[in-house]
Amino acid sequence: MTLAKRMSRLGTESAFEILARAKALEAEGKSIINLGIGAPDFRTPANVVEAGKKALDDGYHFYTPAKGLPEVRAAVAEDVKRRRGVAIDPDCVQIVPGGKPTMFFAILMFGEEGTEILYPNPGFPIYESMIEFSGAKAVPIELLEEKGFQFDPEEVLAKINPRTRLIIVNTPANPTGGVIGREALDVLVAGLERHPQVTILADEIYSRLVYEGAEHVSLLAYPSIRDRLILLDGWSKTFSMTGWRLGWGLWPKHLIAQAERLQINSNSCASAAVQVAGMEALRGPQHAVDEMLAAFDQRRLRIVRELNDLPGFSCVMPQGAFYAFPNITGTGMTSRELQDMLLAEAGVATVAGTAFGARGEGYLRFSYASSLENILEAIARVRSALQPA
Ligand code: PLP
């Protein structure tokens with residue numbers, strides 16, 4: 001049996017592997033606190049669950065148009081207008097099963113041998129994995145801890161050359177919790193105006209998870225790049241719907257037919273009943289999102305305080321998403337060593353920074369999408385593991 005060469009270039013998302021290891025340890029009777037996986041710990045809002053159930057009762061059992069039900073695409077366009085202040089054409093919206101397919105399609109559309117794609121490192125691991133799978137060269141964008149894990153836009157622009165086809169910008173970011181400010185985006189966009197061959201993929205899946213003092217600036221706010229901007233967002237994080245698998249992409253007019261073709265060749269469409277539930281999430285009451293955000297904020301302030309108090313740790317305050325990304329170089333261990341030690345000896349699942357790229361060495365990701373009680377217990381266990389009695 002001979003596998004296609006590209007299979008050897010495909011990476012993975014270690015958070016899923018750690019989840020499996022944590023579950024296996026639990027099955028052996030070990031007590032595990034999972035701060036590894038990036039999934040909110042809240043139930044999906046009840047009105048959304050009801051809408052999904054009703055949709056099944058109402059006969060939403062069949063294929064929908066590949067781009068999604070027109071009324072769901074219209075609901076996305078309304079939501080974009082409400083939250084990002086920009087009127088968009090619902091015909092350029094594609095509903096997909098999760099955030100990942102938009103990323104997958106964009107990278108497959110532009111990546112091939114002899115081309116380059118810029119992506120954040122440390123960053124969501126699927127970017128690098130998919131870029132390499134496509135055959136393109138993965139060119140890392142460095143995120144600077146001292147700048148709250150923002151990039152230096154001039155440094156990013158200096159990496160662009162005639163082979164550059166796509167640049168991926170993620171704000172708010174996984175795994176760092178960093179939010180890219182307006183100033184940096186202004187400089188980046190002004191520079192991109194000199195490189196019209198570069199398409200931009202803005203992964204804004206955490207757009208509503210931003211805390212006081214920070215603002216989410218969408219790349220959609222910049223008219224000069226709108227005709228080459230692919231915007232990725234979805235329901236997973238905002239509405240605690242990771243297992244429903246629902247997301248959307250906004251594509252430039254000249255690319256939407258290509259995106260639709262990739263959808264037809266892979267998923268056909270997102271689940272019909274799930275799309276109806278997603279429409280309720282956007283159009284229905286929003287208090288569940290506000291409550292979730294308030295709970296994340298409280299945990300964020302607490303976990304960062306606690307992490308900074310651990311020997312060998314220092315943690316900048318994340319401004320978005322639900323991750324803390326402490327620098328752990330003071331422990332004398334590598335990220336992987338510390339991750340493995342904490343899982344085996346403390347029963348705390350975290351993710352090594354290197355799971356998010358080589359530039360994640362020296363960091364560990366803690367997801368605070370878990371109860372305050374769990375977080376405090378996890379920190380106490382980490383403290384004991386670091387300072388054995
Ligand atoms: N983009 C980022 C930055 C993420 O962190 C994630 C999930 O962790 C995704 C996209 C994918 O989201 P989904 O689970 O909806 O595919």
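All residue numbers refer to position in the chain's written sequence, counted from 1. For this predicted model, a pLDDT threshold of at least 70 governs which residues receive local features, and a threshold of 80 or more governs which side-chain atom pairs are given and counted, while totals over whole chains, interfaces and linings are taken from all residues. Computation of side-chain values: all heavy atoms of the structure, hydrogens and water removed.

A. Up close: the site of the ligand. Lining the immediate surroundings of the ligand are 14 residues, of which G99, D203, Y206, S236 and K237 lie closest. In protein, a polar contact requires one atom able to donate a hydrogen and another able to accept it; more generally it is a pair of N or O atoms within 3.5 Å, and residues adjacent in sequence count only if both atoms are side-chain atoms. In this structure, an oxygen atom belonging to the ligand sits 2.8 Å away from a side-chain N or O atom of R245. Residues are classed as near a molecule or strand on a simple rule: at least one heavy atom within 4 Å of it.

B. Representation of the pairing of strand 5 (residues 164–170). Among the seven residues in strand 5, six count as buried, and that is most of the element. Taken together, the three bridges between strand 3 (residues 116–121) and strand 5 define a ladder with parallel strand orientation. Of the residues in strand 5, the one forming a bridge with E116 is T164. Examined bridge by bridge, strand 5 and strand 6 (residues 199–203) share five bridges and lie parallel to one another. Paired with I167 across the bridge in strand 6 is I200. One crossover worth recording links strand 5 to the parallel strand 6 by way of helix 7 (residues 182–192), and it is right-handed. Exposure categories follow from relative accessible area, calculated using a 1.4 Å probe and restricted to protein chains: below 20% of the type maximum is buried, above 50% is exposed, and the middle band is partly exposed. Secondary structure elements are taken from DSSP: a helix is a run of H or I of four residues or more, a strand is a run of E of two residues or more, and numbering for both begins at the N terminus. Only strands joined by at least two bridges in the DSSP assignment are considered to pair. By convention, a crossover is right-handed whenever its connection, traced from the first strand over the helix to the second and viewed with the strands pointing away, goes clockwise.

C. Inspection of the sheet that holds strand 11 (residues 351–352) at higher detail. With antiparallel pairing, three strands are arranged side by side in an open sheet as 9-12-11. Each of the sheet's edge strands pairs with one partner strand only, and the pair in question is strand 9 (323–324) and strand 11. Both strand 11 and strand 12 (residues 364–367) contribute to a ladder of two bridges, which runs antiparallel. Bridged to A352 within strand 12 is L364.

D. Geometry of the packing of helix 4 (residues 100–110) against helix 5 (residues 125–134). To get an axis, a line is fitted to the C-alpha atoms, and for a helix only the part in contact is used. The angle between two axes follows their N-to-C directions and goes from 0 to 180 degrees. Look at helix 4 against helix 5: their axes get within 9 Å of each other, and the N-to-C directions meet at 35°. Crossing of helix 4 over helix 5 shows right-handed handedness. Across the interface between the two elements, K100, M103, F104, I107 and L108 from helix 4 touch I126, Y127, M130, I131 and S134 from helix 5. Basically, the charged four are Asp, Glu, Lys and Arg, the nonpolar ten are Ala, Val, Leu, Ile, Met, Phe, Trp, Tyr, Cys and Pro, and anything else, Gly included, counts as polar. Among the residues forming the contact of helix 4 with helix 5, the class breakdown is eight nonpolar, one polar and one charged. Left-handed describes a crossing whose near helix is turned anticlockwise from the far helix by less than a right angle; the clockwise case is right-handed. In what follows, residue pairs with any heavy atoms lying within 4.5 Å of each other are defined as contacts.

E. Representation of the side chain of N121 in the model. In this fold, N121 is placed in strand 3. When neighbours within four sequence positions are excluded, N121 is seen to be in contact with E128, P140, I141, E142, L143, F356, G357, A358, R359 and G360.

F. Fine view of the domain arrangement of the protein chain. The domain limits used here are those given by an automatic or database domain assignment. Once the domains are mapped, the protein chain shows domain 1 (5–43 + 287–386) and domain 2 (46–283). The distance between the C-alpha centroids of domain 1 and domain 2 comes to 24 Å. Contact residues are listed per partner, giving 38 residues for domain 1 and 38 residues for domain 2. Throughout, buried area stands for the accessible area (probe radius 1.4 Å) lost by two parts on being put together, summed over both. Summed over the three residues of domain 1 that lose the most area to domain 2, namely R9, Q319 and R359, the buried surface amounts to 21% of that side. The term salt bridge refers to a side-chain nitrogen of Lys or Arg lying within 4 Å of a carboxyl oxygen of Asp or Glu. The tally of links from domain 1 across to domain 2 stands at three salt bridges. Between E13 and K100 there is a salt bridge, and its shortest N-O distance comes to 2.8 Å. At the junction of domain 1 with domain 2, the criterion picks out 19 residue pairs in polar contact (both at pLDDT 80 or more). Ranked by the residues each element gives to the side of domain 1 that touches domain 2, the list is headed by helix 10 (residues 287–308), at six residues. Taken together, the residues of the side of domain 1 that touches domain 2 sort by class into 21 nonpolar, nine polar and eight charged.

G. Representation of the sheet that holds strand 5. Spatially, 2-8-7-6-5-3-4 is the arrangement adopted by the seven strands of the open sheet, whose pairing is mixed. Each of the sheet's edge strands pairs with one partner strand only, and the pair in question is strand 2 (93–96) and strand 4 (137–142). Neighbouring strand axes in the sheet, compared pairwise and without regard to direction, differ in orientation by 20° on average. Alignment of strand 3 against strand 4, held across six bridges, turns out to be parallel. Looking across to strand 4, one finds that P120 is bridged to I141.

H. Representation of the packing of helix 11 (residues 335–346) against helix 12 (residues 372–386) in the model. Close contact between helix 11 and helix 12 brings their axes to 10 Å; oriented N to C, the two are set at 105°. In terms of orientation, helix 11 and helix 12 fall into the roughly perpendicular class. Between helix 11 and helix 12, the residues in contact are L338, M341, L342 and A346 and R381, V382, A385 and L386, respectively. Residues of the contact of helix 11 with helix 12, tallied by class, amount to seven nonpolar, no polar and one charged. Orientation categories follow fixed angle ranges, with anything under 35 degrees roughly parallel, anything over 145 roughly antiparallel, 65 to 115 roughly perpendicular, and all other angles oblique.

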